[in-house]
Each structure stands twice: as C-alpha cells, then as structure tokens.
Amino acid sequence: MKAITCTHLTKSYGNKKAVNDLAVSIEENKITGVIGRNGAGKTTFLQLVAGFIKQSEGKIHVLGEPPFNSLKASANTIFINDTMNLPTSLTIYEILKMGNEFYPNWDMELAERLFDYFSLDRSQRHDRLSKGMKSTFNMIVGLASRCPLTIFDEPTTGMDASVRSDFYRALLKDYLAHPRTILLSSHHLNEIEELIEDVLLIKDGTNHLHVSVSDLKEYGIGVQGESTNLEAWLKGKDVFHKRELPMNKAYAVVKKEQLDPNYKQAGLEVAAVSATDMSMYLTGTSEGGIDDVFK
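A brief report on the enclosed structure follows. All values reported here derive from a predicted model rather than from experimental measurement. (Residues numbered from 1 in each chain as written. Predicted model: local features only at pLDDT ≥ 70, side-chain atom pairs only at ≥ 80, totals over all residues. Heavy atoms only, no water.)

This part covers the sheet that holds strand β9 (residues 206-212). Across the sheet, which stays open at both edges, the six strands sit in the order β5-β6-β7-β3-β8-β9 with mixed pairing between neighbours. Taken across any chain shown, the strands that pair with only one partner, and hence form the sheet edges, are β5 (77-80) and β9. Between one strand and the next, the sheet's axes are offset by a mean angle of 15°, whatever the strand orientation. In this sheet, β9 lies alongside strand β8 (residues 198-203) in antiparallel orientation, the contact comprising six bridges. Bridging across to β9, Ile202 finds its partner in Asn207. Sheet contacts for helix α1 (residues 42-50): β3 (31-35), β5, β6 (149-153), β7 (181-186) and β8; angle to β6, the most-contacted strand, approximately 155°. (Pairing = 2+ DSSP bridges. Helix = DSSP H or I, 4+ residues; strand = E, 2+ residues; numbered from the N terminus. Axes fitted to C-alpha atoms, helices over the stretch in contact; angles between N-to-C directions. Contact = heavy atoms within 4.5 Å.)

Here the focus is the packing of aromatic side chains. Overall, the coordinates contain eight aromatic pairs when judged by the stated rule. Relative to Trp106, the ring of Tyr103 has its centre 6.1 Å away and its plane inclined at 15°; by these criteria the two rings are stacked. Each member of the pair, Tyr103 as well as Trp106, carries the same accessibility label: buried. Across from the ring centre of Tyr13, 5.3 Å away, lies the NZ or CZ of Lys11, which sits over that ring. Over the ring of Tyr93 we find Arg122; its NZ or CZ atom is 4.1 Å from the centre of that ring. (Phe/Tyr/Trp six-rings, centres within 6.5 Å; stacked < 30°, edge-to-face > 60°. Buried < 20%, exposed > 50% of the residue type's maximum accessible area, 1.4 Å probe, protein only. Lys NZ or Arg CZ within 6 Å of the ring centre and 35° of its normal.)

Structure follows, in structure tokens:
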C-alpha cells in the first residue's frame, strides 16, 4: 500500500516554484530519506505531505486522502522540525503528558525513559531550551507519538555528535519494534545511510531520483586517468561529476551501466562511489564544484 502519492505536485510562491511538478509514490512502513541541497524544496514538500500548506497544482494523497484540512491525515501525522511552536505556558514534561492525551499510539513510558536519558529538566519551558536541547525534546515527541506517518525535517539541528548517534539508534530500534512510515530529511546522507531504506533526491523542487539505498550505491562509478584519455572516453556518456586532478589527470562519475571495457584500453581506472557522494553529484549545480571558482 502507498502511504503517499503525488502527481504533478506544485507549490508556487509568486513566480518561484518551491515544488515543481513532483511525482512520487512512497510505500507505507518504510524509512525514506528526503535528500537535497538548501532551497531544493525538501521542507515545502514535507509541509505539503503534512497538510500544513495546500498545493498550487497537482494532486497529493496521504493515507488515502488529500492531507490539507484532513482530520484523518492530521490525527495520523506528526511533523517534527526545529521551528515547532509548542505551548510556552506548559513545562516540557507537561507537554509530554498532553501528547499522551492527543496521540492514540503515544508511549509515555518511552517518552519518560528518553526524557531522563537525555537529562532534560521537567520544569523547563520549551522556548528557553538551547537549540540542541530543543531538537532533542522534539525528537522525543516524534518517537513517542508513534504516528503512522512521522516526518522528521532536519531533526538533529544543534545536536552534538553523540546525541545524533543516540537519536538515530533510538529511531531504528523503535521503528523495528513498531513499523510506520517515516520521512527523514537531512543534509547528511552519510549519517542516515544505514538507517533508511529508500532515498528521495529532490532537486529544483522535483523528484530527481527515488531509489533504494542499495541501488543508489550502484548508480554511478568513478573513472580516473589522463585528462585527454578520459575526455575522449566520456563522449556520449551521462557525466554526473567531473574535476581536474594534479599531473594532467582527471576524475569523473558516470552511470555504472555505461561502463564499457574500453576504459582499460584508455588506461583508465575505476572505483566505487559512496551513496553520500553520489547524492551530492546528482543534486549539484556545478560540474567541478568549488574548484570552478578558482579557475
């Protein structure tokens, strides 16, 4: 069953299309990483899925119906990010108790264990927490809610490395015990690569690539050698990334299916490309990256 389906999904702000003719289907009970650079449209897409905003064009269905103004979608979805507005009149512990009353799948025991593990103060107010502690508390809310659709938009903002590691481990353990559909937006694919099952790469507001993590790892291949030899070999191939190297050499990343035996005759060498690097090359806007600035 599909948890989310979108066709020709578009959200415009004036002349700017934050989401542009996006089409995607996301299966239920999977962890999908939503990856893209700043301004790519990740957050707008997630807000559309959560029903926070209404699309300008196209269709979107979440849990079987359009999410905007949908009681069903709202009751079964939680959206976690670093700009959450939570009541300032309540302590953070009182907010947890309110969550217990609002979300039918809420696990108060888990919330309290995580609360104590991360040494949160029960008398503290949400608006007075540090950025890292806010993200930690928000993460607890997202996990404890056990919503059928849980959305984490850059959830680790401000967290130190050890807390990020604990969060990802807690997310995986709770997901395995209580499967649900999870969308996890991040700039750091290397941190979540072992956690997610599918990757949705968003570029310029549209679905650039939607594949499993294992397929992404096999999507491209790195080729290196003499610049003139590599340039000749690259003709007619899809080049995702290319850069110059010292000693008149160059490096390029092409589709793995386009690797032919001729590379050996040209004196070229090949190497695997990590999923993290592949995602950067696919969503990048400049052939040589920062090196182009110094040409």
